[in-house]
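Working through the structure, step by step
Here's the letter readout for the chains.
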Amino acid sequence: GSKASGSGLHGGTSRGGGAGEEDEGEEAEVQGEIAEPQESSFWVVCENGVKVYAEPSTDATVLEELPGGTRLEGFETDGWVRRANNDSAGCMLVKDHETQEVYLLKEPPTWQVSGNGTNVFAEPSMQAIVLEELPGGTRIQGIVSDGWVQRVGDGVIGFVPVNDPVTEEVYLEFVPPLRDMGKVAMEAELCAAEMRLVAADVRLRMEEDDLLPSIGDRGEERRVHLHGQAEATGAEAERLAADAEELRARAAEAQDLADEAARALIPPEPELDEDGNPIEPEKDEIPDDLRESDSELSEPWPPKEMVERAERLAAEAKEAAKQSKRTTEASESATASATAVRDALQTTEEELKRRVDTAARVASFWSEARTEDISCAVIWLHGQGESEAAWQTKLAGVSVHERAGPCRWIWPRAELQRCSTRGGVLTPQWFDTPEFPICRVVRGVPDRPRIDEHPKDLTKATRRAHAAIEALEAEGLPSDRIVLAGFGQGAALVTHAVLRFQRPLAGGAILSGWIPCKEALAKAAAASMPPGGWESAPQFFWCHGARDGVVEPRLATDQAKWLREELGAQVKFRMFPELAFGVDAEV
């Protein structure tokens, strides 16, 4: 029953102390606390019971008193036993040092007879007298020494060999002690809770596209990490399922004992005469030594001892059922979490294969359609409500500097989607923009912040832009020779596509654009950055018109500053005094 904190679910190091552990141990010793050893033992409370103290001192507060026969798990130090179950803290004295009265006995190990059985000898020798023969499957308790187990218990004597010294046939097999059911249930719930956190974290990262990165080393690193989480959660789920099965079996066994004790309370049916009347025993038939008083003869059925035993067994069965239910529920929760993580891993692997296949297919098509060699590329993202056709005409006269070499222009087209600002009409757009104009505050009574775009929509649109980059890479063009540029909504997508890509790009051009979902972009950009950081900061060229009525110029200025100061990008910002929402020859 290892605790979940050491299961490696998060892929990190195990939790533990550091340099301050020695000082903390010294402080605990001064306060009289028991230093917790590595291994716990099982103990049985003696006949007269034992008091449970809040601290290892007879002057401390008495928390409760355990009756004789109670079984518990605890750590022994300096004559005191502290219970291992965190829900039942307390310290108990093993024996009174003055009166030598024993309160706790360490439970001896349990052994099971294997094979066809074995003999019990009067002495630890194969030539000694055989006292009895134990059939296979019999369980005994005893202390092992020099290959012999000495049986212990009231009136139980004899020695049993662990194995045959000549043939090495095994006669006895060690039976591990039963774990405390409450402790098992508690650890199962803790483990299940941690696995739920892992699964929730994975689901959140899936929604934010953190586990679906572009093709490359960074993406593979995250998939390897997710694979480790899937293996760890799967192993923990299997362990909890085994614990749940063990506790269900123990609960069923406890219920059988309780039912048997309850049936024993039913009074025996009296003998009947020929007329069907119960036969009363004659007084002369009752021995004198048993007829001491009328009260003894009229003692009610069932006897008090049997009632107490039945009540105790019923309580134990109820508690066992409770702990079994807790563990089963924790096991089911853990299994669901492990399944969620495994499904996430499968989704990422399928997404990787899909992206690789798509990039290769598009690259093959481009290679067949064009025969010229290229050394750079521009991916142009059009605005909302339009297509790439008009921009192919507008940008026909734009040429890339000859030092860059032959350049290819890529013209992706946005999907038709329901547009909120056009009454739900199908519109070509990269993502849905809830309202225009793009501003910081919507004036009204009272003023209110503008409704921002949804991060999921930006994630989906970013994947489409990345697909074009990956196709160029599959064709053989390095990512740092690729520029993303766009207008309006396409320009708003440029910042996400550049900063969320796993490898460096040549840069991005933003014409009359804005930055939607700034918080989501900051988080995704940090996650996409290589472990050592970018060799050079991403570069952006931002053009905006001072007369822009669609995207507020002041908002554009503030966001360009935020992009530079908060995300560390290199931003060249130009404000054109006479320009509205559009481009001109100067731009």
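For the structure, see preceding data.
Residues numbered from 1 in each chain as written. Predicted model: local features only at pLDDT ≥ 70, side-chain atom pairs only at ≥ 80, totals over all residues. Heavy atoms only, no water.

1. Here we look at the sheet that holds strand E24 (residues 570–576)
- The sheet built from six strands is open, its strands ordered E16-E15-E21-E22-E23-E24 with parallel pairing. At either margin of the open sheet sits one strand with a lone partner, and together these are strand E16 (407–410) and E24. Neighbour-to-neighbour, the strand axes of this sheet turn through a mean angle of 15 degrees, independent of strand direction.
- The pairing of strand E15 (residues 376–381) with strand E21 (residues 482–487) spans five bridges and is classified as parallel. Bridging from a neighbouring strand, Leu381 pairs with Gly486 of E21.
- Packing of helix H8 (residues 489–499) onto the sheet brings it into contact with E15, E21, strand E22 (507–511) and strand E23 (539–545), and relative to E21 it is tilted by some 150 degrees. (Pairing = 2+ DSSP bridges. Helix = DSSP H or I, 4+ residues; strand = E, 2+ residues; numbered from the N terminus. Axes fitted to C-alpha atoms, helices over the stretch in contact; angles between N-to-C directions. Contact = heavy atoms within 4.5 Å.)

2. Points about the pairing of strand E18 (residues 425–428)
- With four bridges joining them, strand E17 (residues 416–419) and E18 adopt antiparallel strand pairing. In the sheet register, Leu416 faces E18, and the bridge partner there is Pro428.
- The hairpin turn running from E17 into E18, its antiparallel successor, is five residues long, and Gly423 in that turn takes a positive phi close to 70 degrees.

3. Quick notes on the packing of aromatic side chains
- Tallying each qualifying case throughout the model produces nine aromatic pairs.
- Considering the side-chain rings of Trp391 and Phe487, the 5.1 Å spacing of their centres and the 45 degrees angle between planes classify their relative orientation as tilted. Residue Trp391 is found in helix H6 (residues 388–394), and its partner Phe487 is found in strand E21; the two are separated by 96 residues along the sequence.
- Judged by relative accessible area, which is 1%, Trp391 ranks as buried.
- Pairwise contacts between aromatic rings join Trp380, Trp391, Phe487 and Phe581 into one cluster.
- Its guanidinium or amino end placed over the ring of Trp391, Lys394 lies 4.5 Å from that ring's centre, counting from NZ or CZ. (Phe/Tyr/Trp six-rings, centres within 6.5 Å; stacked < 30°, edge-to-face > 60°. Buried < 20%, exposed > 50% of the residue type's maximum accessible area, 1.4 Å probe, protein only. Lys NZ or Arg CZ within 6 Å of the ring centre and 35° of its normal.)

4. Here we look at the pairing of strand E12 (residues 148–151)
- In this structure, strand E11 (residues 139–145) lies alongside E12, joined through four bridges in antiparallel fashion. Residue Ser145 lies in a different strand from E12, and its bridge partner there is Trp148.
- A loop of two residues connects E11 with E12, the two strands running antiparallel in sequence, and Asp146 in this loop sits at a positive phi of about 55 degrees.
- Pairing analysis gives three bridges linking E12 to strand E13 (residues 159–161), with the strands arranged antiparallel. The partner of Trp148 across the bridge, within E13, is Pro161.

5. So, the nonpolar core
- Grouped together as the largest cluster of nonpolar side chains are 44 residues, with contacts concentrated most on Ile379, Leu484, Phe540 and Leu563.
- Counting residues per element, the ones that place at least two in this core are E15, helix H7 (455–475), E21, H8, helix H9 (518–528), E23 and helix H10 (553–565).
- In this structure Leu563 touches Thr495, Leu499, Ile515, Phe540, Trp542, Gly568, Ala569 and Val571, once residues within four positions along its chain are discounted.
- Core analysis: the second largest hydrophobic core is formed by 16 residues, Tyr53, Ala60, Val94 and Tyr103 among them. (Core = buried A, V, L, I, M, F, W, Y, C linked by side-chain atoms within 4.5 Å.)

6. A word on the pattern of salt bridges
- Evaluation of the coordinates by the stated rule reveals 26 salt bridges.
- Glu388 is the salt-bridge partner of Arg413, the closest N and O atoms lying 2.7 Å from each other. Taken together, the positions of Arg413 in the loop between E16 and E17 and Glu388 in helix H6 put the pair 25 residues apart, joining distant regions of the chain.
- A relative accessible area of 10% means that Glu388 is categorised as buried.
- The salt bridge partner of Lys460 is Glu415, with a shortest N-O separation of 3.8 Å. Taken as a pair, Lys460 in helix H7 and Glu415 in the loop between E16 and E17 lie far apart in primary sequence, 45 residues in all. (Salt bridge = Lys/Arg side-chain N within 4 Å of Asp/Glu carboxyl O.)

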